[in-house]
Amino acid sequence: MASDHSTTIVLATASNRSENITVMAVASYGGHLEQLLRLTPYLVNFRLTIVSTGEAANANHFIHDCNRRKPFNILACAAQLAGLIRREKPAVIVTTGAAPGLVAAAVARLYGIPAVWIDSVANAERLSLSGRLARYTGAVRLTQWRHLEGSGGPTYWGSIL
Amino acid sequence: LIFLTVGTQLRFDRLVAMVDEVAGNLDEPVVGQVHNSRVVPAHIRTASFMTQSEYRRHFENARVVIGHAGIGTVLQARDARKPLIICPRVSSLGEHRNDHQLATARSLEAQPGIYVAESVDRLRSLLFSQHLQPCEANSAAAAAFAHRLSDHLQHVAQQRCAVR
């Protein structure tokens, strides 16, 4: 990023404007994307780019779906996310899961980009496996259940429900 | 019209039986998406398979929707602004892997338009009530959560710019 461009951003954010901040929002198609899309209407002040799997109508970019039973897809998914990060240059990444979101948080770390993991509201008993693994990506981890908040565990800021 | 939906992943025969018991006393049609139910209801019009458009049509036409305490059902009832009666699945009865639906039901009960029925009596009094409120399309909780998230995103983005 050119130095004069960064200066512009500093000035813009200093006056509390965030439209120059790119937020990349990642979720696999289905319930995870559904939850992400309940939050994005409130993030319109950012330059938002939505990444999903499948034929989701509301996404800007599509990536391979992956899970722990398909290791090659994880690599393909990671490569696609790395490409998108280089292209879109997000300041921060937000994900509601599942495995592609975990991959996004891991790739974000490689690029030094902060990430936020929002665990699905369906996980009321225990954080999802991906959510537990997201600890190792350094992402801020959020649970949507107050009783799951804990020291060293996820944080609770609220819920979409 | 009353529309019963148990979701597309697991059967929920206890709820089908509860609704059937009350449906016999109602002079209102009850349609059910009952997913491989082993209970054969006498008073619910059921379909072994329901297309998405049929499902949506019943949902739209319903005066009240009855469902399990699943996130998908709750979000759909919100979007359609229907009163929603939920019955949480219980793991000890083999209705789900764990009891997360009890937590969901407890946390949702305070919200407008969402009613929890764990007994036939409660279900009956809700279905005979003339004062059920519709779910609200926008959740104040979602807005509050998103604003907190937004503040955090702005904060970390500014920090990154400051470092550069």
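Residues numbered from 1 in each chain as written. Chains lettered and ligands numbered in written order. Predicted model: local features only at pLDDT ≥ 70, side-chain atom pairs only at ≥ 80, totals over all residues. Heavy atoms only, no water.

Some words on the overall build of chain B
Per the secondary structure count, chain B includes six helices and six strands. Walking chain B from its N terminus toward its C terminus, one meets helices and strands in the order β-α-β-β-α-β-α-β-α-β-α-α. Based on the C-alpha atoms only, the size of chain B along its principal axes is roughly 70 × 35 × 30 Å. Put simply, chain B has 164 residues, and 53% of those count as buried. In chain B, once contacts between residues fewer than 6 apart in sequence are set aside, the share between residues at least 24 apart is 60%. Accessible surface for chain B amounts to roughly 8,100 Å². Of this, 48% is attributable to carbon and sulfur atoms. If you average the places of the 18 positive and of the 15 negative side-chain charges in chain B, the two averages end up 8 Å apart. (Helix = DSSP H or I, 4+ residues; strand = E, 2+ residues; numbered from the N terminus. Buried < 20%, exposed > 50% of the residue type's maximum accessible area, 1.4 Å probe, protein only. Contact = heavy atoms within 4.5 Å. Areas by Shrake-Rupley, 256 points an atom, 1.4 Å probe, with all protein chains shown as cover. Lys, Arg positive; Asp, Glu negative; His and termini not counted. Charge placed at Lys NZ, Arg CZ, Asp CG, Glu CD.)

Re the interface of chain B and chain A
A common way to state how big an interface is: give the accessible area lost once the parts meet. Of the residues lining the interface, 32 residues belong to chain B; the matching set on chain A comes to 40 residues. For the pair chain B and chain A, the summed buried area comes to about 3,100 Å², and 71% of that belongs to carbon and sulfur atoms. The largest per-residue losses of area from chain B upon contact with chain A belong to F145(B), L153(B) and R160(B), which jointly make up 22% of the total buried on that side. Inspection of the region where chain B meets chain A yields one salt bridge. In this structure, the salt-bridge partner of D79(B) is R38(A), at a minimum N-O distance of 3.0 Å. (Buried area = accessible area lost by both parts, 1.4 Å probe. Salt bridge = Lys/Arg side-chain N within 4 Å of Asp/Glu carboxyl O.)

Thoughts on the confidence of the model for chain B
On average, residues of chain B score 93 in pLDDT, and 99% of them are at 70 or above. Predicted complex, confidence summary: ipTM 0.88, pTM 0.81. (pLDDT = per-residue confidence, 0-100.)

With respect to the packing of helix 2 (residues 52–61) of chain B against helix 3 (residues 71–80) of chain B
All names here are of chain B. Here helix 2 crosses helix 3 at 60°, and the two axes come no closer than 10 Å. By the criterion of interaxial angle, the relationship of helix 2 to helix 3 is oblique. By crossing handedness, the relation of helix 2 to helix 3 is classed as right-handed. Here Y55, F59 and E60 of helix 2 lie close against helix 3, whose contacting residues are T73, Q76, A77 and A80. Tallied by class, the residues present in the contact of helix 2 with helix 3 amount to four nonpolar, two polar and one charged. (Axes fitted to C-alpha atoms, helices over the stretch in contact; angles between N-to-C directions. Parallel < 35°, antiparallel > 145°, perpendicular 65-115°, else oblique. Left-handed = near helix turned anticlockwise from the far one by under 90°. Nonpolar A, V, L, I, M, F, W, Y, C, P; charged D, E, K, R; others polar.)

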